[in-house]
Each structure stands twice: as C-alpha cells, then as structure tokens.
Amino acid sequence: MEYKNGILIDWLSFTSKKMLPEDVMELIGITSGWQLMDRGIRGYGARYYNGSISIHFGGVQDNVWCEFSGQGCRTFESESTHKSYDLIFEALMKPENMMKLTRLDIAYDDFTGLLDIERICDDTRPRNHKYRAKTDYAQVIESTNGLSCDIGSPKSLLLVRIYDKLAERLAKMRGREDREKVKESIPHWVRCELQLRDERALEFVKYLMGRDPVTKVSAPLTLGQAFCGVMENYLDYGYEVAARGNPKKKIWHRFEYWQKFLQNAEKLSLYRKPGKGYNLERMVNFVQNNAGNAIDAAIHIFGPSKFFEIIEQRKISQTSKYMELMRQHGSYAEKLENDITVSWLDNLEGQVEQDAKERHPMFHVFARPSWVVWNGVRHLMCSDCNAILPESGFVDVTSTSNFATCYKCAAKKKQTTR
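Residues numbered from 1 in each chain as written. Predicted model: local features only at pLDDT ≥ 70, side-chain atom pairs only at ≥ 80, totals over all residues. Heavy atoms only, no water.

(A) Summary view of the overall build of the chain. Counting its regular elements, the chain contains 18 helices and 17 strands. Relative to its 418 residues, the chain shows a buried fraction of 40%. In the chain, 58% of the contacts between residues at least 6 apart in sequence involve partners at least 24 apart. Accessible surface for the chain amounts to roughly 24,200 Å². Of this, 51% is attributable to carbon and sulfur atoms. (Helix = DSSP H or I, 4+ residues; strand = E, 2+ residues; numbered from the N terminus. Buried < 20%, exposed > 50% of the residue type's maximum accessible area, 1.4 Å probe, protein only. Contact = heavy atoms within 4.5 Å. Areas by Shrake-Rupley, 256 points an atom, 1.4 Å probe, with all protein chains shown as cover.)

(B) Up close: the packing of aromatic side chains. In total, this model carries 17 aromatic pairs according to the counting rule given. Aromatic pair Tyr-237 and Trp-258: ring centres 5.0 Å apart, planes at 65°, arrangement edge-to-face. On the criterion of sequence distance, the pair formed by Tyr-237 in strand β12 (residues 235–243) and Trp-258 in helix α9 (residues 256–262) is long-range, its members being 21 residues apart. The exposure classification of Tyr-237 matches that of Trp-258, with both residues buried. Seen in terms of ring centroids, Phe-255 and Tyr-257 are 5.9 Å apart; in terms of plane orientation they differ by 15°. Their pairing is stacked. A single burial state applies to Phe-255 and to Tyr-257, both of which are buried. Site record: aromatic cluster; members linked through ring pairs are Tyr-108, Phe-227, Tyr-237, Tyr-239, Phe-255, Tyr-257, Trp-258 and Phe-261. Taking the ring centre of Phe-255 as reference, the NZ or CZ of Arg-119 above it sits at 4.6 Å. Positioned above the aromatic ring of Trp-371, the side-chain terminus of Arg-378 is 4.0 Å from the ring centre. (Phe/Tyr/Trp six-rings, centres within 6.5 Å; stacked < 30°, edge-to-face > 60°. Lys NZ or Arg CZ within 6 Å of the ring centre and 35° of its normal.)

(C) View of the side chain of Ser-16. Structurally, Ser-16 can be placed in strand β1 (residues 6–16). Within the structure, the side chain of Ser-16 is placed 3.2 Å from the backbone nitrogen of Lys-18, a separation counted as a polar contact. Side-chain polar atoms of Ser-16 contact the backbone oxygen of Asn-97, separated by 2.9 Å. With sequence-adjacent residues up to four places away left out, Ser-16 is seen in contact with Asn-63, Val-64, Asn-97, Met-98 and Met-99. (Polar contact = N/O pair within 3.5 Å; in protein donor to acceptor, adjacent residues only side chain to side chain.)

(D) Highlighting the pairing of strand β11 (residues 190–197). Within β11, seven of the eight residues are buried, leaving the element largely enclosed by the surrounding structure. Here eight bridges tie strand β6 (residues 99–110) to β11, and the two strands are oriented antiparallel to one another. Bridging across to β11, Asp-110 finds its partner in Val-190. (Pairing = 2+ DSSP bridges.)

(E) Geometry of the sheet that holds β11. Read from one edge to the other, the open sheet built from 10 strands follows the order β2-β3-β4-β5-β1-β6-β11-β10-β9-β8, with strand pairing classed as antiparallel. Bordering the open sheet on either side are β2 (35–37) and β8 (138–143), each of which pairs with just one other strand. Strand-to-strand twist of the sheet, defined as the mean angle between neighbouring strand axes without regard to direction, takes the value 15°. Direction of pairing for β8 relative to strand β9 (residues 146–151): antiparallel, over a ladder of six bridges. Its bridge partner being in β9, Val-140 is matched across the sheet by Cys-149. (Axes fitted to C-alpha atoms, helices over the stretch in contact; angles between N-to-C directions.)

(F) Molecular detail of the pattern of salt bridges. Following the criterion strictly, the structure yields 24 salt bridges and no others. The salt bridge partner of Arg-74 is Glu-77, with a shortest N-O separation of 2.9 Å. On the criterion of helical spacing, the pair formed by Arg-74 and Glu-77 is a turn pair, its members being three residues apart in helix α2 (residues 70–79). Taking relative accessible area as the criterion, Arg-74 reaches 23% and is therefore assigned partly exposed. Arg-191 is paired through a salt bridge with Asp-109; the nearest N and O atoms lie 2.7 Å apart. (Salt bridge = Lys/Arg side-chain N within 4 Å of Asp/Glu carboxyl O.)

(G) Spatial organisation of the sheet that holds β12. Taking strand neighbours across the sheet as the criterion, the three strands line up as β7-β12-β13 in an open arrangement whose pairing is antiparallel. Unpaired on one side and paired on the other, β7 (129–131) and β13 (246–254) mark the two borders of the sheet. Adjacent strand axes in the sheet meet at a mean angle of 45°, parallel and antiparallel pairs treated alike. Contacting β7, β12 and β13, helix α8 (residues 223–234) runs over the sheet at an angle of about 35° to β12.

(H) Spatial organisation of a nonpolar patch on the surface. Taken together, the side chains of Ile-301, Phe-302 and Ile-310 present a nonpolar region at the surface, about 300 Å² in accessible area. Examined against the element boundaries, Ile-301 turns out to sit in helix α11 (residues 292–302). A residue is classified by how much of its surface remains accessible, and Ile-301, at 64% relative accessible area, is exposed. (Patch = residues over 30% accessible without salt bridge, like charges linked within 9 Å, V, L, I, M, F, W, Y side chains within 5 Å.)

Shown next, in the form of structure tokens:
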C-alpha cells in the first residue's frame, strides 16, 4: 500500500446548551450503536460512547459535550450517514443552537521525508524559529514514543505539535514481526499538528465556510489551504543575519525545508479584535457560566453594595479587551441601543420554565418508560429541582414514572403549607 502525504481533521469537540444527546447523534449522522456509560468526567454525570466518539451529559454541567478523538474522526468519516464536517460547522454557526467549538486539531501527515523530525527538534532547541504568540514557549520531548516538539504553551488557544508518528505507532505494537512489517510499508511518517481551541478554532472554521474570516479571502478555503495559511502566519523556521552595510538591521532567512513545506501560502490570522455583539455576548456568557455561582454567593452573603465594594478593591488591573468593550458599549442604557444585545437579552427573558426543564441534559433519559438503573440501583429525577438521586431519596416513588419529589423539596413544600 502506498501512503501519500495528506491532511485531515484529527480531533473535534463542541458543546451545546440546547441540544440533547439524541440531537447530537442526529447532527453527526450516527444514531445507532451507542453504549450508555454511567460515569462521566469533568462534572458530567454520564456519556454515550461509540467508536471513540463520546457524548457527555448530565451531572453538574448545563450542556452536552460531544468529543471526537482522532479515531473518533475516522469513525465519523466511515459510519456517519453524511460524513460531512461542514454540516456540523453549519450548525455551529447558528446562534439558536447555542453551540461552542471547544477544540479542533488539523494534522498534516508526511510520508515522503519532507519533514525531518530530528532536524526540526535540533532547530527548536536553540530557537531557530519564530512563533507569533504572547509567549515564545517551546519544548522538545524524547521518549519511547519517539521525538516530539511542541511550539506554544499547552494552555494556549493555538499550539503546533510536530512528532514522529511512525515511532509512536511502533511503540504501541508488541510483536517484533508486526513492527518490522510496518517499517517496511511505512519507512517515514512525521505528523505536523495544529491544535486550536475556542475562538481560534471557530475562526479557522470560518475560513473553511467562507463566513467573515479575519483575513479576507475570495472564496471558502480547503482544509489544506487554511492549514498552510495559519502555519505561515504563526510559525517560521529559519535564522537571522545582519544586513550588508547595516549591522543593526536583521534579515530573516527561512530554512529550505520549511519553505518546501508551506510553499507560497497566504498568511491567515485567527485573532479577532474585540467588537460589538459577539464579544459582549461572550463576556456575559462567561459571567453567567464561569463566575455566576461565586457572584451569586457573594451577593447573598455581603449584599449588593458590599459586593461592588469588593470588586472595586480587587488587586488585578482591568484588561484591555474589557476596557475596549466598555469604551464601545458605555453604560447599561447605551448597551440597550445595541440591536444584537437587545435581541439576545429578549431571547433569554423569553425562556419559559418548562422549556428550561425540557432542555435539561438528563430529561430525555428519565422521560422514557423504562427504569433508569445505574450500578444496580434505580435512579429518579426530582420533578421540582431536577436533582438525580437513588430511589431511596424520594417520597412518592411509583413503578410507572421516573419522576418524583425528593425529600428536600417535599420538606420545603411542607414548611410553606404550615
């Protein structure tokens, strides 16, 4: 089998505050073969699993999280009824779906020797490269999985990882004969991976969809065009030399192997300056979902006046992006003049209580006629507070419904009737 250089999506994850797990299954075009796991991660109560694709839901989280690993992407490309990432990206672009792209990895596989991992690591150690980021962080890792180098902070929104994919594959194989067969069929395999998170991932998708990208393009880009354009803008391997006749002036010379790799790609930026509407909505979303519980507790404990005093006395300085938002939007009254913000706030106020209840990530599980049994114990959902507890935690359990009133809510009702 002949292996050709190629580019692919190797990780994809997104969340939605509106969709149920079944909605996500419909979206990705895989509606059967799912296994319900009663243990989740990162605060999620449970998950569905199918071919390295996970759909997390329930628990303390208020959204559904869908995650494709590298193998999950291959499962999607072979098992989905539509096999189209564009359909997922289209859904991400629709505000009514309340979706957020959390991670997107794009990988270039080199089988022809275009990228020499040892040479790249040798150039990474002495910083024979330029990386367009706030911190010029890089590391070279030598392990039983082979050589690897990361350019960019592991916590950043954009990270480039270049590694020996062949060595990694061989390290996972136990049989010597199997390893020798792989070496014969794949003598060289280096992967260059672009790992994007949150807004950087979304801006990359906008190039693929032709939807208001940061750098103007005449038409939607292919995966390869977008990948090379972003790499051209953010990472360059080479060296500086003094200009002839002007020692103070430095000239950058790109290494030949990196020039062959990127060819003549147009630079594409993934950074969008804070603006109206979208960024204001993101700020409110952060306040509600990341700091909302702490703010609510502080106001209840200290009262509004003391709470504002605490905020005024904070020791951290205001960041430029929030200062820009305040400059643009001004006071609360001025915010209301922003059509996008007004519409967004109206939509929030229009959410009725029953809608919110039915959008609970676990509602669909308990709405079924069959009992919900985890670890051999029947569980129910409280019809008042949505708490999910073992059967022993409810006062009016029946054999025909998975909804009942928990002891805590029953006690509150009893107190109000006195």
